[in-house]
Structure formats: structure tokens, C-alpha cells
Amino acid sequence: MKLIIQLAIRNLLRQKRRNLLLSIIIAFAMAVLIMASSLGRGMTDIIVNKYLANYTGHIMIENQERSENVKSVIRDKALFKEMIATNTSGILSIREKIVCFSRAIGNKKSASVFINGTEISHDFLATISLGEGKLEDFTSTNFENPVLLNKKYAKKLNLRLHDTFKVRLTTINNQSQTARFLVAGILKNSDNIFMDDAVYIKDGDLKRLLDYREQETDRLLITLVNPDNTEKVFENLYKAFQPDLVYYKGMAMSGKKSSDSVFMVFRTNKEAIAALSNYFSLTEDTCKRIVKTNQVLLSKTLSDKLGLSAGSAFQTAFRARFGERSFTNIYRLCGTIPLGENIPGNLILINENDYYHSIMENLPEKVKGGFVPFSKDLESSETFVKEWELFPKCRNEGDIEKAMDDISIHNVKGTFVKITTMFSEGSEMYQYSILTNYITFFGVLILFFITQIGVVNTLRMSVRERTREIGTIRAIGMQKGNVSQLFILETLFLTLFASLGGIVLAYIAMGILSSFNFDVTNGAQALFIVDRHIHFVASIPMLFIYTGILLVIGFISAYFPAKKASKQTVSGALRHYE
């Protein structure tokens, strides 16, 4: 075999012109294949890691409250962060994200605006390119609501550096207000099409303007060390965010009498009222009244302690989970709950409408150590309100939109925790990148196969021209199998060396192309640009795969001509003339 290898290498060096031409063709095809693949992977990297991971995180958690209005607010962000950290490994960061859409009024011009609350971090500073102004002005506390905006958007609003403009905002409490922003910096035209219409403001300033409290936030973005684990982490979090029932502690007061109490919230649909009626033997009149405003049920022990009878008014109070604030409400006794197993003597049941209207947003203190007042059958039914409902699992934007429509159409009230991945929130964009990669890859592969036709034809001509040589080496004792091996090895060596040359050529070409500046600010071209340079992402494993593909194609290309050459008789080959 050693002799065959030496002969194969000698023959490659002997036929320099033809082999050089073949090498150039194969190397060019390999270079184009690598560059096209790297460009496609670069686009995917931009979409996944520069857009989706920045705007949605690898995983995003939102909390929507639906009662009189729809609010996007996580009331206890520390609790959510703890649940995430406890049930997730490989976390790079957990970021708060606050955004809103509004209307900006500039100098005699106005436009819709996307306001992005931003943490001042190294990652954020690395994504922006300041054209005018100083970052110190943006981070300073000496200015009222300093912001950064894109050059194109500043022109749209007719704004210059240090100009002020007004923005109409709707707070999470559904109150309208007008805020004044100062242009602290104007960004250069961005190569990221998703940043063009964004106005960047410090997240603390935006929280204040939208009436978020210290312990509250809009949404949480989870960035993982390894994005490939996104789906696995999503499933773990979905299991971990199973809610408890709503139960909180407070006080009940009537005159000079008072008692510590435990509150629970029941649903007002027909099924829930029927379950309560059956369990507590409520009268028909009581069932009709408990769904009305400020009508509650008390345990018999508590009503006797406070000296209450049907229709009596009394006061309740509870302390908020955060701060030193207390809140009071006036209720009327609608009926009493008879004593029974697992029924605490200080229990108060209020309906969900009262809870959503005046209690939910103030987040009462929970009963420590958990609380299960009734049988598991009643608890597991849909009789009582839970801390939240888990938003259905959604795999794409269409599923998310459909689930949102279903909740809106049926006017479902309550709190909904929505856990989504970057692949579901940005499914259309992600699928677009994957489709582009496939189209690019197969397009280049087809081009390569067309090129390979010329290679096969050249190999066949080479075998034909070397017919007398084949007869000579057969005459001195070389076997048929060795002849076949000789031609196949020549082709494999040629393909391998040419592929390596193609890899070097591809990296040189990508380096040259990446050195040029491209002032692209919008359109599909921006999906290939980072910091005004073409973004290539090469993959070492893919280099081995492509080289393997070319070697397989080279083997197939050489096999049949080599097989044909080995079958020639010695006498026939020696008599051959071109």
C-alpha cells in the first residue's frame, strides 16, 4: 500500500497543469461553500444573539393582570427570580426589561415610538455607537429623563442634541401623563434594523414614569450560558411555576372587637358557586348574594366572635407584602360557614371581583407555612382563585396570538404568567434565518455538483490518456485492484489538498470582506451586518463535514473511471493510441 501511495503522489506532481486546474476548481467550490455557510450562520447569530436574546432573552417571563384593565407587571420580582434560580442551572444573567409604546411629539413633528428601559451595562454600551453627545449625559442624574435615540429617528422628529420633546405615556394604573425627555445623545445609523425606532432611557426613569414600584418590574429576561439548553430550561420552569391558591392574612374588625383572619378568594362562575354551595350547604339566596360587590362569607366562629349577623357591615385590613402600608375594606356578611374538618375558625371568603378590584395590586402578605383549609378535592377543583394561571405553552408567534385572543374574547379575569422562549417569541424571524441557511447551502451545493461534473469529465479523459501507462504497469505485475486504488488515491489526495486550500482561501476572503465598512441601516441587508461589517461565523465541525462531503464526492467521481481502467487487458492497453 505504501508503494501505491507514493505512486499516487508522484503522479499528482507529474501532471501539474491538469491537477492544478482541478485543484483550483475544487478549492473555489469549497471556499464558496464555507463562505455561504458562514454568512448564513452569521445571520442566525445576529437574529438569535443580537436581536432575540437582547429583546426577549433566551427565555422571557411576563405577568399579565386582567381585571378592569390589562397590566403587564410582576408584583414580586424577588420571588420570581428566586424560583428561576432554584429551578434553573447554567444562567448567565436575569435581566429586568421595561418597554412601552407611545407617541412622541418633537419639533413640529410627531411619531409613534418604542421606549426601551435600559440597564447601563457593558453589554448595552457594546451595542451602541454614539454619533453626537456624551454617555456621561445619558447616565447623569442632573438631567430630566435623558435619552438616546437613533440619528434617523431624531431626523423624523426634527430633534437635535440637547433638545427636549414630549411623550404621552399610559401608566400601569391606566393613567395618562406627559413626560419630557432630553436628547442626551444621538446614535449613529444602526446596523441593527430592530434598533432604529427605539428610544433608550434608563430603566429606573421609565419605571418611575410608568408607576412601577421598587419590587415590581415589567418582565424578566433569562440569558443562558448555552442557548442550546433553552427548551430544556423552559420545560423545567414551566413545571416549577405551578401556582398556589390565593390566601393571605389580615384583620377583621367590628366596633371594638377584632380578630386575626385568613382570607381566600373564590371564583364566581356557576361551577365554583355550585361547589361552594354543596360543600358548605349554602342557601340559594346566599349563593346569589355572594357574587355581588363587598359580600363575603365568614366562618361561624369568626362571625360570633365579632358579633355579626347576616347583612352586618364590618371592616377588614391587611398589610402589603412590601413596605409598611396597610389597606382597609368594608364588607357585609352574606352568610356563615359551618364548622368542619380542616375549616379554620378565622376564615373569610371573598369573591374574585372584589379581590381583583382592590386587593390584588397591593399584594397582601401570605400565610406563612402554607395553608390548606379544605379537602384536596375542593382545593384541586376550579373553585378558588390561584396566585396565577400559567399561559399555555406556545411554540410560535401564531400560538401566542391565538392564546391571547382566546383570553380576550372570553374576557377571562386573573393573573397570567407567560413563559416563552426566544424561538416562540421570534419564531418567524428564526425560521426565516433557518430557511435562508438551507436555501444558501443547497444552492451552493448544486453549484458544486455542477462543477463536479467537469471534474468527473476531466478524470475520465485522464484515464483515457493514460491507457498505455496502465498497460505498462499491469505488464510489470500490478494487479487490477492496485490500479483501481491508484486512481482513487490520486483523486482523494487531490480533493483533500484542494479542500484545505479552499478553507484557507475562504478565511482569507472572509477576512478581506469583513474589513470593508457597509453603511446599511435597514432592509434585509442589515441582517448580515454587525458594526458595519459583514458578519461571518465559521464552524470548525462544519469544515470537517464539508471536507468529508467533498472526499465522498471525489471518491464517487474516481471510482467508476478507476474501475473501468483496472478492467483493461494488458495487450489492449498497450495497443491503445490517442
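Nothing here was measured: the structure is a model prediction, and the numbers come from that model.

Some details on the overall build of the chain
For step 1, the next point in the chain: Assigned secondary structure in the chain consists of 20 helices and 20 strands.
For step 2, the next point in the chain: Evaluated residue by residue, the chain yields a buried proportion of 48% over its 578 residues.
For step 3, the next point in the chain: Accessible surface, the chain as shown: approximately 28600 Å² in total, 56% of it carbon and sulfur.

Some remarks on the pairing of strand β11 (residues 247-254)
For step 1, the next point in the chain: The sheet contact formed by β11 and strand β12 (residues 257-266) spans 8 bridges and is antiparallel. Directly across from K249, in β12, lies its bridge partner V262.
For step 2, the next point in the chain: Two successive antiparallel strands, β11 and β12, enclose a turn made up of 2 residues, where G255 displays a positive phi of approximately 65°.
For step 3, the next point in the chain: Summarising the sheet, β11 and strand β14 (residues 313-319) pair through 3 bridges and their orientation is antiparallel. Within the sheet, the bridge partner assigned to M253 lies in β14 and is Q315.

A word on helix α2 (residues 16-55)
For step 1, the next point in the chain: The end-to-end C-alpha distance of α2, which contains 40 residues, comes to 56 Å, matching closely the 58 Å that a straight helix rising 1.5 Å per residue would cover.
For step 2, the next point in the chain: Positive phi appears at G57, one or two residues downstream of α2, with a value of about 70°.

Quick look at the side chain of T286
For step 1, the next point in the chain: Its location among the elements puts T286 in helix α10 (residues 284-289).
For step 2, the next point in the chain: T286 has contacts with L297, C334 and G335, leaving out every residue within four places of it along the chain.

Describing the nonpolar core
For step 1, the next point in the chain: I115, F165, L169 and F181 are the most contacted members of the largest nonpolar core, which has 27 residues in total.
For step 2, the next point in the chain: Put simply, the parts of the chain that give this core at least two residues each are β3 (91-105), β4 (110-118), β6 (146-150), α6 (151-156), β7 (164-170), β8 (176-187), β9 (198-202) and α7 (203-209).
For step 3, the next point in the chain: Among the elements that line this core, the one with the most residues is β8, at 4 residues.
For step 4, the next point in the chain: Those residues in contact with I115 that lie beyond four places of it in its chain are I98, V99, C100, S102, V167, L169, F181, V199, I201 and L206.

Considering the sheet that holds strand β16 (residues 347-351)
The strands making up a sheet are joined through hydrogen bonds of the backbone, oriented either antiparallel or parallel.
For step 1, the next point in the chain: With mixed pairing, the 6 strands of this closed barrel are ordered in space as β11-β12-β16-β13-β15-β14. Direction aside, neighbouring strands of the sheet carry axes that sit 45° apart on average.
For step 2, the next point in the chain: As defined by bridge partners, β14 adjoins strand β15 (residues 326-337) across 7 bridges and the pair is classed as antiparallel. Bridge pairing in β15 links F314 to Y331.

Topic: the pairing of strand β18 (residues 414-421)
For step 1, the next point in the chain: Most of β18 is tucked away: 8 of the 8 residues are buried.
For step 2, the next point in the chain: Covered by surrounding structure in β18 are G414, F416, K418 and T420 together with T415, V417, I419 and T421, the residues of both alternating faces.
For step 3, the next point in the chain: Across 8 bridges, the pairing between strand β1 (residues 59-66) and β18 is antiparallel. When the sheet's bridge partners are listed, I61 is paired in β18 with I419.
For step 4, the next point in the chain: Once the chain exits strand β17 (residues 389-390) it traverses helix α14 (residues 397-409) before rejoining the sheet at β18, and the crossover so formed is right-handed.

Quick word on the side chain of T171
For step 1, the next point in the chain: Tracing the chain through its elements places T171 in the loop between β7 and β8.
For step 2, the next point in the chain: Leaving out residues up to four positions away in the same chain, T171 has contacts with Q177, L209, L210 and D211.

What about the environment of R75?
For step 1, the next point in the chain: By secondary structure assignment, the location of R75 is in the loop between β2 (70-72) and α3 (77-87).
For step 2, the next point in the chain: Under the relative-accessibility criterion, R75 is labelled buried at 7%.
For step 3, the next point in the chain: Taking the C-alpha atoms as reference points, R75 and E214, 139 residues apart in sequence, are found 9.4 Å from one another.
For step 4, the next point in the chain: Excluding anything up to four places from it in sequence, R75 contacts E65, R213, Q215, E216, F322, E361 and L363.
For step 5, the next point in the chain: A polar atom in the side chain of R75 sits 2.8 Å from the side chain of E216.
For step 6, the next point in the chain: Among the polar contacts listed, one links the side chain of R75 to the backbone oxygen of E361, at a separation of 3.4 Å.

Section: a nonpolar patch on the surface
For step 1, the next point in the chain: On the surface, a nonpolar cluster with roughly 510 Å² of combined accessible area is contributed by V504, I508, I512, L513, F516 and F518.
For step 2, the next point in the chain: Summarising the element assignment, V504 is placed in helix α18 (residues 480-514).
For step 3, the next point in the chain: Relative accessible area serves as the criterion here: at 49%, V504 is assigned to the partly exposed category.

Description of the packing of aromatic side chains
For step 1, the next point in the chain: Inspection of every chain in the model, using the stated rule, returns 12 aromatic pairs.
For step 2, the next point in the chain: For the pair Y248 and F318, a centre-to-centre distance of 5.7 Å together with 70° between the ring planes defines the contact as edge-to-face. Note that Y248 is positioned in strand β11 and F318 in strand β14, a separation of 70 residues in sequence. F318 matches Y248 in its accessibility class, with the two residues each being buried.
For step 3, the next point in the chain: Through a chain of ring-to-ring contacts, three or more aromatic side chains come together here, namely Y248, F263, F318 and F327.
For step 4, the next point in the chain: Sitting over the ring of F391, K418 keeps its end group 5.6 Å from the ring centre.

Thresholds, definitions, all that
- Numbering of residues begins from 1 in every chain and follows the order in which that chain's sequence is written.
- Thresholds applied to this predicted model are a pLDDT of at least 70 for local features of residues and 80 or more for the giving and counting of side-chain atom pairs; totals over whole chains, interfaces and linings are not thresholded and use all residues.
- Values shown for side chains rest on all heavy atoms present in the structure; no hydrogens or waters enter the calculation.
- Secondary structure elements are defined from DSSP: runs of H or I of at least 4 residues count as helices, runs of E of at least 2 residues count as strands, and each element is numbered from the N terminus.
- Working definition: with a 1.4 Å probe on protein chains only, accessible area under 20% of the residue-type maximum means buried, over 50% means exposed, and in between means partly exposed.
- A 1.4 Å probe and the Shrake-Rupley method give the accessible areas. Residues count as covered only by the protein chains that appear here.
- At least two DSSP bridges between two strands are needed for those strands to be called paired.
- Helix span, as expected, comes to 1.5 Å for every residue beyond the first.
- Note on definitions: a residue-residue contact is assigned when non-hydrogen atoms from the two residues lie within 4.5 Å.
- Here, the term nonpolar core denotes a set of buried Ala, Val, Leu, Ile, Met, Phe, Trp, Tyr and Cys residues that are joined through side-chain atoms within 4.5 Å.
- To get an axis, a line is fitted to the C-alpha atoms, and for a helix only the part in contact is used. The angle between two axes follows their N-to-C directions and goes from 0 to 180 degrees.
- Here a crossover is taken to be right-handed if, once the strands point away from the viewer, the path from the first strand over the helix to the second is traced clockwise.
- Each polar contact in these results corresponds to two N or O atoms within 3.5 Å; when the atoms are within protein, one needs to be able to donate a hydrogen and the other to accept it, and residues that are neighboring in sequence are counted only if both atoms are side-chain atoms.
- A patch is a set of surface residues, each over 30% in relative accessible area and not in a salt bridge, joined within 9 Å for like charges and within 5 Å for the nonpolar side chains Val, Leu, Ile, Met, Phe, Trp and Tyr.
- By salt bridge we mean one thing: a side-chain nitrogen of Lys or Arg within 4 Å of a carboxyl oxygen of Asp or Glu.
- Pairing of aromatic rings covers Phe, Tyr and Trp, the last through its six-membered ring, and needs centres within 6.5 Å; plane angles under 30 degrees mean stacked, over 60 mean edge-to-face, and all others mean tilted.
- Remark: a charge is flagged as sitting over a ring if the NZ atom of Lys or the CZ atom of Arg is within 6 Å of the ring centre and within 35 degrees of the ring normal.

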